[in-house]
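# Coordinate analysis (summary)
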Amino acid sequence: MSGVILVLSGPNLDQLGRRDPALYGTATLDEHVARLSAAARSRGYTLRHVQSNFEGELIEAVRDATDCAALIVNAGALTHTSWALADALATFPGPRVEVHLSNPAAREPFRHVTTLAGVVEGSIAGFGALSYDLALEAVGRLLGDGPGAAGS
Ligand code: DQA
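Our subject in this report is the structure included herewith. The structure presented is a predicted model; accordingly, all values stated were derived computationally and were not measured. (Residues numbered from 1 in each chain as written. Predicted model: local features only at pLDDT ≥ 70, side-chain atom pairs only at ≥ 80, totals over all residues. Heavy atoms only, no water.)

## A word on the environment of Val 33
Put simply, the rule is: Strands are runs of DSSP state E lasting at least two residues, helices are runs of H or I lasting at least four, and both sets are numbered from the N terminus onward.
Inspection of the secondary structure puts Val 33 in helix H2 (residues 29–42). Sequence separation of Val 33 and Val 62 is 29 residues, and the distance between their C-alpha atoms is 18 Å.

Below, the structure written as structure tokens:
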């Protein structure tokens, strides 16, 4: 199956690489996206990436994603606060996979709250860069592509 996958990156993820590398790793967001784009391409998908520090821009990116088959979202701290982004994600018809580099459930109590859990098919957290790779794998499976379907 082919199609466009939207990757949404929320506030402060544009600082990856220099933002608390012990927690989030040393790769920049561009590096994550480049790696994921290549992996998506090899599976026959096209990646579209939108990063914003503004809640409304993320909401509009979800609304504009009418041509997207699926989405992967790391909403940053909006994960813990934004019912508005959750409402927007609820309207997206395809598979939605939430991703986090760190494991919010093992961190401060405010990160244990999630507004997105009810509007995503599932969440992958705590594996650093691998979280994104696993999210792409999950999206592929949810879209009906099995292992070995690469390039088909
Ligand atoms: C994060 C976890 C969030 O709690 C935090 O606010 C972030 C990054 C992650 O990828 O681990 O900005 O989403």
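After presenting the structure, the write-up continues.
## Overview of the packing of helix H3 (residues 55–63) against helix H4 (residues 83–90)
Note the cut-off: Note on definitions: angles span 0 to 180 degrees between N-to-C directions of axes, and those axes are lines fitted to C-alpha atoms, for helices only across the stretch in contact. Each angle receives one of four descriptions, namely roughly parallel if under 35 degrees, roughly antiparallel if over 145, roughly perpendicular if within 65 to 115, and oblique otherwise. Whether two residues are in contact is decided by their heavy atoms, any of which lying within 4.5 Å being enough.
Relative orientation of the contacting elements H3 and H4 amounts to 5°, with a least axis distance of 9 Å. Considered as vectors, H3 and H4 are oriented roughly parallel to each other. Where H3 approaches H4, its residues Glu 55, Leu 58, Ile 59 and Val 62 are matched on the opposing element by Ala 84, Leu 85, Ala 88 and Leu 89.

## A closer look at a nonpolar patch on the surface
How we decide: Within the patch definition used here, like charges are joined within 9 Å and nonpolar side chains (Val, Leu, Ile, Met, Phe, Trp, Tyr) within 5 Å, considering only residues with over 30% relative accessible area and no salt bridge. In short, Shrake-Rupley with a 1.4 Å probe defines the accessible areas, and a residue's cover is counted only from the protein chains shown. In the sections that follow, a salt bridge refers to a side-chain nitrogen of Lys or Arg positioned within 4 Å of a carboxyl oxygen of Asp or Glu. The buried label goes to any residue with under 20% of its type's maximum accessible area, the exposed label to any with over 50%, and the partly exposed label to all in between, with areas taken from a 1.4 Å probe on protein chains only.
Taken together, the side chains of Phe 127, Leu 130 and Leu 134 define a hydrophobic patch exposed on the protein surface, amounting to about 270 Å² of accessible area. Relative to the assigned elements, Phe 127 resides in the loop between strand S5 (122–125) and helix H5 (129–142). For Phe 127, a relative accessible area of 49% corresponds to the partly exposed category.

## Details of the nonpolar core
Definition in use: Among the buried residues, those of types Ala, Val, Leu, Ile, Met, Phe, Trp, Tyr and Cys that are joined through side-chain atoms within 4.5 Å form a nonpolar core.
Ranked by internal contacts, the top residues of the largest apolar core, which has 23 residues, are Ile 5, Leu 47, Ile 72 and Val 139. Those elements giving two or more residues to this core turn out to be strand S1 (3–9), H2, strand S2 (45–51), strand S3 (68–74), strand S4 (96–100) and H5. Among residues more than four places away in sequence, those in contact with Leu 47 are Ile 5, Val 7, Val 33, Leu 36, Ser 37 and Ala 40. If you look at the next biggest cluster of nonpolar residues, it comprises 21 residues, including Leu 8, Leu 58, Leu 71 and Phe 92.

## Regarding the sheet that holds S1
Quick note on the threshold: Paired strands, in this sense, are two strands between which DSSP finds at least two bridges.
One open sheet holds the five strands; their spatial order is S2-S1-S3-S4-S5, and the pairing between them is parallel. At either margin of the open sheet sits one strand with a lone partner, and together these are S2 and S5. For this sheet, the mean inter-axis angle between neighbouring strands, taken without regard to orientation, is 20°. One ladder, built from four bridges, connects S4 with S5; its direction is parallel. Among the inter-strand pairings, Glu 98 is bridged to a residue of S5, identified as Ser 123. Contacting S1 and S2, H2 crosses the sheet at an angle of about 160° to S2. Contacts from H3 reach S1 and S2 within the one sheet, and its direction differs from that of S1 by about 170°.

## Brief notes about H5
At 3.6 residues per turn, the α-helix brings residues three or four places apart onto the same side. For clarity, the threshold we go by: Residue count minus one, scaled by 1.5 Å, sets the expected span of a helix.
In this model H5 runs 20 Å from its N-terminal to its C-terminal C-alpha over 14 residues, within 8% of the 20 Å that 1.5 Å per residue would give. Turning to H5, its buried residues are Ser 131, Tyr 132, Ala 135, Leu 136, Val 139 and Gly 140. The elements touched by buried residues of H5 are S1, H2, S2, S3, S4 and S5.

## Quick word on the side chain of Glu 98
Of note, Glu 98 is situated in strand S4. Those residues within four positions of Glu 98 in sequence are excluded, and the remaining contacts are Val 73, Thr 79, Thr 114, Leu 116, Ala 117, Val 120, Gly 122, Ser 123 and Ile 124.

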